[in-house]
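Residues per chain are reported as follows:
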Amino acid sequence: MELQTKALDDCPLPNKATHLKVFYQGAFDILPLSIAVLPWGILAGSMAVNAGLSFAQAFAMSAVIFAGAAQLVSLGLVMSGASFFTIVITVFFISAQHFIYALNFRQDVMYLPLKKRLVLGFLLTDELFAVGIAQKAQRSFAYLLGAGLCFYLAWCLFSLLGIFLANVIPDLERLHLDFSIVAVFICIIVPMIKNRATLMGVMTTLISALVFHHLHIEAGTVFAGLLGMFTAMCTAKLLERKE
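Definitions and cut-offs
Residues numbered from 1 in each chain as written. Predicted model: local features only at pLDDT ≥ 70, side-chain atom pairs only at ≥ 80, totals over all residues. Heavy atoms only, no water. Helix = DSSP H or I, 4+ residues; strand = E, 2+ residues; numbered from the N terminus. Buried < 20%, exposed > 50% of the residue type's maximum accessible area, 1.4 Å probe, protein only. Contact = heavy atoms within 4.5 Å. Polar contact = N/O pair within 3.5 Å; in protein donor to acceptor, adjacent residues only side chain to side chain. Axes fitted to C-alpha atoms, helices over the stretch in contact; angles between N-to-C directions. Parallel < 35°, antiparallel > 145°, perpendicular 65-115°, else oblique. Left-handed = near helix turned anticlockwise from the far one by under 90°. Nonpolar A, V, L, I, M, F, W, Y, C, P; charged D, E, K, R; others polar.

Caption draft 1: Quick look at the environment of Gly26. Here Gly26 is to be found in helix H2 (residues 16-36). Residue classification places Gly26 among the buried residues on the basis of a relative accessible area of 0%. Taking the C-alpha atoms as reference points, Gly26 and Gly148, 122 residues apart in sequence, are found 8.0 Å from one another. In this structure Gly26 touches Tyr143, Gly146 and Ala147, once residues within four positions along its chain are discounted.

What follows is the structure in structure tokens.
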């Protein structure tokens, strides 16, 4: 008992300064991705205005929903006249990867109070996952909060800029700002391709997405993603059998 007490006394207890340092470190680590999302945020804000949303509705879509890919896809489907069922199913599958993200962070956040877990759940994005998964040693609440909050504020600010520019610059979509989506996801996905199964899944998704788009198939993005996951799973099982 005395040895345990002495061991606890020797361990430095976390203090406010330490939490702030970790918080700022998280914000610093995600800063490059936060800046890279500038064209994406502008596009989301401008598309919301062009889709017929008011200023408050357009900003609320970014501030409350906080799902860049889902926002852009849903707005694009609305503007193209897609059915409500197609929009709901597409958005669900596009956002479904967040369940996998949450499972990866489960061991780090399962002991936190519910309100803190809900905050991290709201801030969980592809970018936060990419930063958090690379920092296994310091994946604390303060770190994830700093990174998530930094990205959230950047997204809201850039979306607000897009809403403003939509009323100033006509046909903002002609600037092809949607390329920023591809650029950001390339930065996220490429470092995660560490085996042949993942590579096969990514390549299958890319090729099938192009084919479905050429054939004008609704929800082709969803089908491409599912096909890619299925290919990756089959490839992994075949490699295991060979080994």
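Caption draft 2: Structural detail: the environment of Arg139. Here Arg139 lies in the loop between helix H10 (126-133) and helix H11 (141-166). Note: C-alpha distance between Arg139 and Val109 (30 residues apart in sequence) is 8.9 Å. Among residues more than four places away in sequence, those in contact with Arg139 are Asn104, Phe105, Asp108, Gly132, Ile133 and Leu144.

Caption draft 3: Summary view of the side chain of Ser62. Residue placement: Ser62 occurs in helix H4 (residues 55-65). You can call Ser62 buried: its relative accessible area is 1%. At 3.0 Å, the side chain of Ser62 forms a polar contact with the side chain of Ser159. In this view, Ser62 contacts Gln71, Trp155 and Ser159; residues no more than four positions away in its chain are not counted.

Caption draft 4: Inspection of the packing of helix H13 (residues 196-214) against helix H14 (residues 220-242) at higher detail. Running from N to C, H13 and H14 cross one another at 155°; their axes reach a closest spacing of 7 Å. Looking at the two axes, H13 sits roughly antiparallel to H14. Handedness of the H13/H14 crossing: right-handed. Seen from H13, the contacting residues are Arg196, Ala197, Met200, Gly201, Thr204, Thr205, Ser208, Ala209 and Phe212; seen from H14, they are Gly220, Phe223, Ala224, Gly225, Leu227, Gly228, Thr231, Ala232, Thr235, Ala236 and Leu239. Taken together, the residues that form the contact of H13 with H14 break down as ten nonpolar, nine polar and one charged.

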